[in-house]
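# Remarks on the overall topology
Here are the chains, one letter per residue:
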Amino acid sequence: MTSTQSKTARRGRPPRSRKQARDSRQMIIRAARSLFAEEGYHGVSMRKIATMANCSPAALYKLFPGKRQLLLHIWEEIFAGLIEALNACYQNTPAAGRLETLCLTFIDFWLSRPDDYRAIFLIEDQPKAEGEGYFVESSGIQDGLRIFRQAIVDAQTQGNLGAGDPDEMQSVLLCGMQGVAMNLITIPEYPWGDPEVVKRVTVRALIAGLQ
């Protein structure tokens, strides 16, 4: 080894292990989720995320080319958790009460993750580059949420729900569930009463209204 090579080897940092790389990535994602929830999309910069995650801006940009790419990654992670919870509910709930339990699972998912809710629904998706699509169009989330449609069809087949367009019914349920989650999360100072009562009565009223 030449003298120059020896100096270079001593000067360079040892390569990071896979675990260190994963840990650094997770620190970045946690920092971004927290900042997006607290300060909104436009109030957060990549430099601020890097500072909170204790990494260099260069390391951050190596993992995520831009702020929107980081936000979309966070959205994908959160929705993957939601779809997993809904699928488990569908598989493990008797058919007779499946639709109501699915709706409650959806609401409870967000109530247990208020910061994730804010990071998802209080930030408007704004594609910038030519050819970029909206997250809701390209992420597969629409396919994942069609589990509600399937539960509606199941209930109609069993005679527990009236005839009607399952797609329209799904949209009605999603709007109603979103209203419960948003109000309880973003307006906590209002005296809503017992959240358990609010969500259960609302879900049952929504399903009854579909009869």
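Note: the structure precedes this text.
Residues numbered from 1 in each chain as written. Predicted model: local features only at pLDDT ≥ 70, side-chain atom pairs only at ≥ 80, totals over all residues. Heavy atoms only, no water.

### A closer look at the overall build of the chain
This is how the line gets drawn: Put simply, DSSP marks the helices as runs of H or I at least four residues long and the strands as runs of E at least two long, and each gets a number from the N terminus on. As a reference, a globule follows 2.2 Å times the number of residues to the power 0.38, and the radius of gyration itself is taken over C-alpha atoms. For the exposure calls, accessible area comes from a 1.4 Å probe over protein chains only, and a residue counts as buried if that area is under 20% of its type's maximum, exposed if over 50%, partly exposed in between.
When helices and strands are tallied, the chain shows 12 helices and 0 strands. Element order for the chain, N to C, with α for helix and β for strand: α-α-α-α-α-α-α-α-α-α-α-α. Relative to a compact globule of 211 residues, whose C-alpha radius of gyration would be 17 Å, the chain shows 22 Å and is clearly more extended. Within the chain, the proportion of its 211 residues that are buried is 37%.

### As for the packing of helix α5 (residues 67-92) against helix α10 (residues 147-157)
Test applied: Here, axes are lines fitted to C-alpha atoms. For helices the fit covers the stretch in contact, and angles between N-to-C directions go from 0 to 180 degrees. Oblique is the label for every angle not falling under 35 degrees (roughly parallel), over 145 degrees (roughly antiparallel), or within 65 to 115 degrees (roughly perpendicular). Here a crossing is taken to be left-handed if its near helix is turned anticlockwise relative to the far helix by less than a right angle, and right-handed if that turn runs clockwise. In what follows, a contact means two residues having at least one pair of non-hydrogen atoms within 4.5 Å. Asp, Glu, Lys and Arg are counted as charged, while Ala, Val, Leu, Ile, Met, Phe, Trp, Tyr, Cys and Pro are counted as nonpolar; the rest, among them Gly, fall into the polar class.
Following both chains from N to C, one finds α5 and α10 inclined at 20°, their axes separated by 11 Å at the closest point. As judged from the angle between their axes, α5 and α10 are roughly parallel. Considering how the two elements wind past one another, α5 and α10 form a crossing that is left-handed. Between α5 and α10, the contacting residues are L86, N87 and Y90 on the first element and I147, F148, Q150, A151 and D154 on the second. Here the contact of α5 with α10 is composed, by residue class, of 5 nonpolar, 2 polar and 1 charged.

### A word on the environment of Y61
Inspection of the secondary structure puts Y61 in helix α4 (residues 57-63). Y61 sits in the partly exposed class, given a relative accessible area of 43%. Measuring from C-alpha to C-alpha, the distance between Y61 and R30 comes to 16 Å, with 31 residues separating the pair along the chain.

### Some thoughts on the nonpolar core
What counts is decided by this rule: The set of buried Ala, Val, Leu, Ile, Met, Phe, Trp, Tyr and Cys residues whose side-chain atoms join them within 4.5 Å is what this entry labels a nonpolar core.
Within the largest apolar cluster, 60 residues are counted, with the highest numbers of intra-cluster contacts made by F36, I49, F106, W110 and F148. For this core, the leading source of residues is α5, giving 12 residues. Dropping the residues within four chain positions of it, F106 is found in contact with L82, L86, L145, F148, L174, M177 and Q178.

### Digging into the packing of aromatic side chains
The following threshold applies: Whether two aromatic rings pair depends on their centres lying within 6.5 Å, for rings of Phe, Tyr and Trp, where Trp uses its six-membered ring; planes under 30 degrees apart make the pair stacked, over 60 edge-to-face, and the rest tilted. Working rule: Lys NZ or Arg CZ, within 6 Å of ring centre, within 35 degrees of ring normal, means a charge sits over the ring.
The final tally for this structure, using the stated rule, is 10 aromatic pairs. Taking the centre distance of 4.9 Å and the plane angle of 90° together, the rings of F109 and W110 count as edge-to-face. Taking the centre distance of 5.7 Å and the plane angle of 75° together, the rings of W110 and Y117 count as edge-to-face. One aromatic cluster is present, formed by F79, F106, F109, W110, Y117, F121 and F148 through successive ring pairs. Over the ring of Y90 we find R98, and its NZ or CZ is 4.2 Å from the ring centre. Geometry around F109 places R113 over its ring, the cationic atom sitting 3.9 Å from the centre.

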